[in-house]
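# Observations on the model geometry
Take a look at the letters that make up each chain.
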Amino acid sequence: ITDIKTYYSDMPTLDEAHYLCAILNAPCVNTAIKAYQSQGLFGERDIGRTPFEACAIPPFDPQNPDHLELARLSKEAHEATLFIRTAEHIKGGIAGLRRLARDSAQAQIEAIDKIAERILDL
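Residues numbered from 1 in each chain as written. Predicted model: local features only at pLDDT ≥ 70, side-chain atom pairs only at ≥ 80, totals over all residues. Heavy atoms only, no water.

## Section: the side chain of His18
With respect to the helices and strands, the residue His18 is situated in helix α1 (residues 14-24). Within the structure, His18 has its side chain in polar contact with the side chain of Ser74 (distance 2.8 Å). Not counting the four nearest positions on each side in its chain, His18 is found in contact with Leu70, Ala71, Ser74, Lys75 and His78. (Helix = DSSP H or I, 4+ residues; strand = E, 2+ residues; numbered from the N terminus. Polar contact = N/O pair within 3.5 Å; in protein donor to acceptor, adjacent residues only side chain to side chain. Contact = heavy atoms within 4.5 Å.)

What follows is the structure, given as structure tokens:
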């Protein structure tokens, strides 16, 4: 289901897709874009293209060890959350699912954040 805006990018490789996924979900990027987001009843919202406008995200380089490590960590984080597919996990709503996913991939998120801070110079 598409609602209001949809952004799409076709990545040539799975590693590049996971690299970008890692960057876009890094806590340091979330912090960096706060000043550019609109405010709603529950705080910042409307992420849209803000990460690309507020952060100098370098293009994926398959020769860069940091880029490859981000891709690897993203794959691990995805695998760590695969179990969140059953009705018992949906009881907490979207917020509960997000919290469960973050908790399940916390080690990967922390490692991603350290690398993202370094390569984005945040």
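## As for the pattern of salt bridges
Within this structure, the stated rule accounts for five salt bridges. Its salt-bridge partner being Arg49, residue Glu53 comes within 3.7 Å of it at the nearest N-O pair. Classification of Arg49 by relative accessible area gives partly exposed; the value is 41%. With a shortest N-O distance of 2.2 Å, Arg72 and Glu76 are connected by a salt bridge. Of this pair, Arg72 and Glu76 both sit in helix α4 (residues 65-80), four residues apart, roughly one helical turn. One salt-bridge network, held together by shared partners, links Glu69, Arg72 and Glu76. (Salt bridge = Lys/Arg side-chain N within 4 Å of Asp/Glu carboxyl O. Buried < 20%, exposed > 50% of the residue type's maximum accessible area, 1.4 Å probe, protein only.)

## Thoughts on helix α7 (residues 106-120)
A rise of 1.5 Å per residue sets the reference length of α7, with its 15 residues, at 21 Å; its end C-alpha atoms lie 20 Å apart and thus fit the reference within 8%. Buried residues of α7: Gln108, Ile109, Ile112, Asp113, Ile115, Ala116, Ile119 and Leu120, and no others. In this fold, the buried residues of α7 make contact with α1, α2 (27-33), α4 and α6 (93-104). (Expected span 1.5 Å × (residues − 1).)

## Observations concerning the layout of surface pockets
Taken as a whole, the largest pocket holds about 1,600 Å³ of empty space. In terms of lining, the largest pocket is formed by 38 residues, of which the most central are Cys21, Leu24, Asn25, Ile47 and Arg98. Of all the elements in the fold, those that place two or more residues in the lining of the largest pocket are α1, α2, β2 (43-45), α3 (50-54), α4, α6 and α7. Taken together, the residues that form the lining of the largest pocket break down as 21 nonpolar, nine polar and eight charged. (1 Å grid on protein atoms, 1.4 Å probe; cavity = no way out; pocket = protein on both sides within 12 Å on 5 of 7 lines; lining within 4 Å. Points joined across faces, edges and corners; volume = space filled by probe spheres on them. Nonpolar A, V, L, I, M, F, W, Y, C, P; charged D, E, K, R; others polar.)

## Observations regarding the environment of Leu120
Structurally, Leu120 can be placed in helix α7. For Leu120, a relative accessible area of 7% gives the class buried. With 62 residues separating them in the primary sequence, Leu120 and Pro58 have C-alpha atoms 7.8 Å apart. Apart from the residues within four sequence positions on either side, Leu120 is in contact with Ile23, Val29, Ala56, Ile57 and Pro58.

## What about the nonpolar core?
Formed by 17 residues in total, the largest nonpolar core has its most connected members in Tyr19, Ile23, Val29, Leu70, Ile119 and Leu120. Those elements that place two or more of their residues in this core are α1, α2, α4 and α7. Considering every element that reaches this core, the biggest residue donor is α7, with five residues. Dropping the residues within four chain positions of it, Ile23 is found in contact with Val29, Ile57, Leu70, Ala116, Ile119 and Leu120. (Core = buried A, V, L, I, M, F, W, Y, C linked by side-chain atoms within 4.5 Å.)

## Here we look at the environment of Arg72
Look at Arg72 and you get partly exposed, because its relative accessible area is 37%. For the pair Arg72 and Lys5, spaced 67 residues apart in sequence, the C-alpha separation works out to 29 Å. Polar side-chain contacts of Arg72 include one of 2.2 Å to the side chain of Glu76.

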